[in-house]
Amino acid sequence: MPSLSSAAVAEIGRRSQTASPSPLARNPVSLRLYKVLGATFDDEATREALSTLSELYSSSEPPDVRPTARQDDIVHDEVDGIDAEKIKDVPGFLQGAPPGDTAAKARKHLRRDIENKLEEGSLKFLTAFVSVDQKLDALQAHITAMRARCEEAQTQLQSTNEACKSLLDRAGSLRDERQEVKTRQSIVTLFLARFTLSDDETNALSSPDVPVGPAFFAAMDRAQAIREDCRVLMAGEDSPSKAGLDIMAVTSTRLDKASDKLFKWCRSEFRSMGRDASLEVSEELSEAVRRLRLRPELLAEALTVLAQTRQAALLASFMGALTTGSGTGSAGSRPIELHAHDALRYIGDMLAWVHQAIAAEGEFLEALLSIDAGTRMPGAVRAPAHAEGEWLGELMDAAVAGLCGPLRARVLQTVRAQESGLNAYKVARLLQFYALTMARTLGSRALLATTLRETTAASYAVFFDAIAAQGRALLRVSLDATDASLTPPQALLTHAQDLRAILALHTAEVDGDDDDAAGGGGGGGDGATIERALDALVDPAVRMCVGAAEEKDAVLPAWDRPVFVLNCLTYLADTLAQHACAARKRAELDGAVEARVRELIEEHYENVLRDSGLHDTVRACEQTPPDARCLLPSPSHEPLAHVAACAPPALRSALSSFARWLASLDAVHAPRLAALTAPALHARVHRAVQRRLGHAYAALCARVREPRSRYEAAATLLGAERPFGSVAALWQIFGINEEGEDEDAYEDQDEGRENR
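Residues numbered from 1 in each chain as written. Predicted model: local features only at pLDDT ≥ 70, side-chain atom pairs only at ≥ 80, totals over all residues. Heavy atoms only, no water.

Student: Whenever I open this one, the overall build of the protein chain confuses me. Can you help?
Tutor: When helices and strands are tallied, the protein chain shows 25 helices and zero strands. Looking at the protein chain residue by residue over its 756 residues, the buried ones come to 37%. The contacts of the protein chain with a sequence gap of at least 6 include a subset with a gap of at least 24, amounting to 74%. Approximately 43900 Å² of the protein chain is accessible, and the part contributed by carbon and sulfur atoms is 56%. (Helix = DSSP H or I, 4+ residues; strand = E, 2+ residues; numbered from the N terminus. Buried < 20%, exposed > 50% of the residue type's maximum accessible area, 1.4 Å probe, protein only. Contact = heavy atoms within 4.5 Å. Areas by Shrake-Rupley, 256 points an atom, 1.4 Å probe, with all protein chains shown as cover.)

Student: Help me understand the packing of aromatic side chains in this model?
Tutor: Working definition: an aromatic ring pair is given by the centre-to-centre distance plus the angle between the planes. As enumerated under the stated definition, the model contains 11 aromatic pairs in all. Considering the side-chain rings of F318 and W353, the 5.3 Å spacing of their centres and the 50 degrees angle between planes classify their relative orientation as tilted. Placement of the pair is F318 in helix 10 (residues 296-323) and W353 in helix 11 (residues 343-369), with a sequence separation of 35 residues. For the pair formed by F318 and W353, the shared burial category is buried. An angle of 75 degrees between the planes, with centres 6.4 Å apart, marks the rings of W661 and F734 as edge-to-face. Here W661 is found in helix 21 (residues 648-663), whereas its partner F734 is found in helix 24 (residues 727-734), with 73 residues between them in sequence. Each member of the pair, W661 together with F734, is buried. What links up through ring pairs into an aromatic cluster is the set Y425, Y460, F463 and F464. (Phe/Tyr/Trp six-rings, centres within 6.5 Å; stacked < 30°, edge-to-face > 60°.)

Student: Can you walk me through the environment of V565 in this structure?
Tutor: Within the secondary structure, V565 sits in helix 18 (residues 561-577). In the structure, V565 is positioned 79 residues away from L486 in sequence and 8.4 Å away in space, judged by C-alpha atoms. Setting aside chain neighbours within four positions, we find V565 in contact with C545, V546, A549 and R596.

Student: Would you explain the pattern of salt bridges in this entry?
Tutor: Think of it this way: side chains of opposite charge can pair up when their charged atoms draw near. All chains considered together, the criterion is met by 29 salt bridges. Two residues, R295 and D256, come together in a salt bridge whose shortest N-O distance is 3.4 Å. Pair noted here: R295 is in the loop between helix 9 (283-292) and helix 10 and D256 is in helix 8 (residues 242-272), with a separation of 39 residues, a long-range link. Note on D256: relative accessible area 35%, which makes it partly exposed. Two residues, R584 and E531, come together in a salt bridge whose shortest N-O distance is 2.6 Å. Here the residue R584 occupies a position in helix 19 (residues 583-612), and E531 occupies one in helix 17 (residues 524-555), the gap between them amounting to 53 residues. (Salt bridge = Lys/Arg side-chain N within 4 Å of Asp/Glu carboxyl O.)

Student: Even after reading the chapter, I still don't get the environment of A580, so can you show me in this structure?
Tutor: Locating A580 in the fold gives a position in the loop between helix 18 and helix 19. Take A580: its relative accessible area is 70%, and that puts it in the exposed class. In the structure, A580 is positioned 77 residues away from L503 in sequence and 9.4 Å away in space, judged by C-alpha atoms.

Student: How should the confidence of the model for the protein chain be read in this particular structure?
Tutor: In low-pLDDT segments, the atomic positions of the prediction should not be examined closely. Per-residue confidence for the protein chain averages 78 on the pLDDT scale, and 80% of its residues sit at or above 70. Predicted confidence is poor over residues 1-5, with pLDDT under 50, and the contacts of this stretch with residues over four places away or in other chains come to four contacts. Note on residues 739-756: pLDDT under 50 across the span, and 29 contacts to partners over four residues away in sequence or across chains. (pLDDT = per-residue confidence, 0-100.)

Student: What's the story with the nonpolar core in this structure? I'm lost.
Tutor: In summary, soluble globular proteins display a tendency toward joint burial of nonpolar side chains. Of all hydrophobic cores here, the largest spans 159 residues; its most connected members are F270 and L448. Among the elements that line this core, the one with the most residues is helix 11, at 13 residues. The residues touching F270, leaving out its near neighbours within four places in the chain, are L285, V289, A302, L303, V305, L306, T309 and L368. (Core = buried A, V, L, I, M, F, W, Y, C linked by side-chain atoms within 4.5 Å.)

Student: Explanation requested: a nonpolar patch on the surface in the structure shown.
Tutor: Together, F41, L50, L53, L110, I114 and L118 make up a nonpolar patch on the protein surface, roughly 500 Å² of accessible area in all. Ranked by residue count, the leading element in the nonpolar patch is helix 4 (residues 101-163), at three residues. Secondary-structure assignment places I114 in helix 4. Of the residues examined, I114 reaches a relative accessible area of 39% and is grouped as partly exposed. (Patch = residues over 30% accessible without salt bridge, like charges linked within 9 Å, V, L, I, M, F, W, Y side chains within 5 Å.)

Student: What's the story with the state of the cysteines in this structure? I'm lost.
Tutor: Two cysteines whose sulfur atoms are joined by a covalent bond form what is called a disulfide. Applying the stated criterion across every chain yields a total of zero disulfides. Just so you know, C646 is unpaired, no disulfide at all, and the nearest cysteine sulfur is the one on C621, 5.8 Å from it. The exposure class assigned to C646 is buried, which follows from its relative accessible area of 0%. (Disulfide = S-S within 2.5 Å.)

Student: Quick question: what am I supposed to make of the packing of helix 7 (residues 214-235) against helix 9 here?
Tutor: In a pair of packed helices, the angle between the axes and the distance between the axes together describe the arrangement. The interhelical angle for the contact between helix 7 and helix 9, taken along N-to-C directions, is 25 degrees, at an axis separation of 11 Å. The angle between helix 7 and helix 9 falls in the class roughly parallel. Crossing of helix 7 against helix 9: the hand is left-handed. Taken together, the residues of helix 9 that come into contact with helix 7 (itself represented by F217, M220 and D221) are E284, E287, A288 and R291. For the contact of helix 7 with helix 9, the residue count by class is three nonpolar, no polar and four charged. (Axes fitted to C-alpha atoms, helices over the stretch in contact; angles between N-to-C directions. Parallel < 35°, antiparallel > 145°, perpendicular 65-115°, else oblique. Left-handed = near helix turned anticlockwise from the far one by under 90°. Nonpolar A, V, L, I, M, F, W, Y, C, P; charged D, E, K, R; others polar.)

Student: Which parts of the structure should I look at to understand unusual backbone geometry?
Tutor: Excluding glycine, residues mostly carry a negative phi; peptide bonds, for their part, are mostly trans. Positive phi values are uncommon outside glycine, yet R710 reaches one of about 65 degrees. Of note, R710 is situated in the loop between helix 22 (679-705) and helix 23 (714-719).

Student: Any chance you could explain the packing of helix 8 against helix 10 here in plain terms?
Tutor: Contact geometry for helix 8 and helix 10: axes closest at 8 Å, N-to-C directions at 10 degrees. The angle between helix 8 and helix 10 places the two elements in the roughly parallel class. For the pair helix 8 and helix 10, contact is made by S259, D260, F263, R267, F270 and R271 and by L298, E301, A302, L303, V305, L306 and T309, respectively. Along the lines of polarity and charge, the residues of the contact of helix 8 with helix 10 split into seven nonpolar, two polar and four charged.

See below:
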């Protein structure tokens, strides 16, 4: 039956209260209906009870046909009295209780149905508990039997324990002994594992079938570690034990075999390096050499094989580079002997090849011997601080020793064929550079360094012979008698060009290596060499200039020999001026130039005196010294006015000529000195002559003004012509500011300005 909502029920109640009382309101059925309609079924218990009733009285199974109900206990009413036989033929949709009949039956037989349900459940429980009770009875029987068997076994066990007590004690003692034996066995096993080599390790050390590799080195390390551990154990004992001595003997034997195997393998590897073009050191080979250091005699023998192999390989490569161009490091290289006509390039290519080969050999040996080159620059002095460094130098020397013979023969043949001193000097400097480099790289006692020093000495001998022959040829040069020029001759220019090139080459090399005195590449050795070369080059040039000038002056008297000689000497001095190594020779040339300048000053002074007309007057004045003791002339000397050259007419004529000379350009510029190639010498010589002339004019004026000279109207005689008897006016004409400065002071200042 559908239930009404609470709102509907409340609305019905409200209407019933507000409406006027009616007979239905007092009807019990209505009251009952209102009560039912106003009831709520929202609580959980009510809902669960209704759900149970709904399942109990489902339409699919009417209550009257339930098998659990006993037919004799059912009370039939009119509805239940329908004969079952009569409804068999009723259609299916008409079978069953009519609508609403189930609810009526449920209200009528609710208690009965519930009791039937409870009875049915109780019967099911009783049936299940019967089977459980039977099984529990069987379990109890089994437990009773098991308890009996356990009691029997316990009895037998007690009797057995009492009978086997001695046997169990014996078994316990044997078990303890077995544990002790196991402990000792484990200790012995660990000892043997620690102090003996395994079969694989033994085979790796001694068997030739096992190659040298990581397993071999690990086995050697293992054997060495066993020896070290055994030494530690023996150090703690009062006397060496037999086991320790046996272990030391066995490991020593194994290590000796390993060293022999390593030596043979290294020797084989070293022999194969002569056939390989590349010099690559494997890790195994480097490690093998490092381990052979503990056996120096074996390592020395193996390295001897390596040196012989590398010597033969380098010699073959060098000969190939000379003749076919192979082995020089590039596939398309040309043979070195193609440039045999160019001595410098030919020798330079050979030495560069040797240097490159030594560099590659050094890198190979450093990798082989595991030597750290550190920060040593290429070409720096190699200072071996340990045995490996000495081995490296000896191996490199032995590897390139085979190159010394062919290199020496070709270098000497090329050097002796040189006729030019400059080319011979270039070759000598090149050889000296490589000799220094090889001495630093291989050591001063290395065969290659000795060979290069010998070839360097031979090259310098050829150089000195060449410049000596060049000097002798220069002395035989004669000047052209028809040539009136005063410039240095072409032979001297060519000679000076070679001298300049030699000095420039020497200066550039010495400036780039100022600290080479200890290595033999500079310092005293180079200084003595260049001094000797300067003597052989400069002295013949000076003698040629002087001798050829004298010969030409005898043939051509009008030719100005002093200016020519001075030009040649200044040209040679200027050639040496830029090089500090030629300071001594430059000083000698400066002394010769100074002597020639003084001679030129004397000669130019005489010429100026003649050109100015004062020569006879000044000489007569100088030859007639004044008597300073009295105002009268001395009995041995006549007055200056009575001397013919200083008589008033002659003096007037001389002063007139001097005035005309002062008015000409010759007073400030000497045409003869214009031929000097050094402008400073031109100014110096002419200024010195001007000063001497000014001093001579001042002395003449002073003598003329003296009363004992017996001149009448001396002031009128001197003031008739320029410079009117005024020395200050003469200094102004000459452009000389300071009047009292002597010639030597002026020369010193002029030389200082020239040097600056």
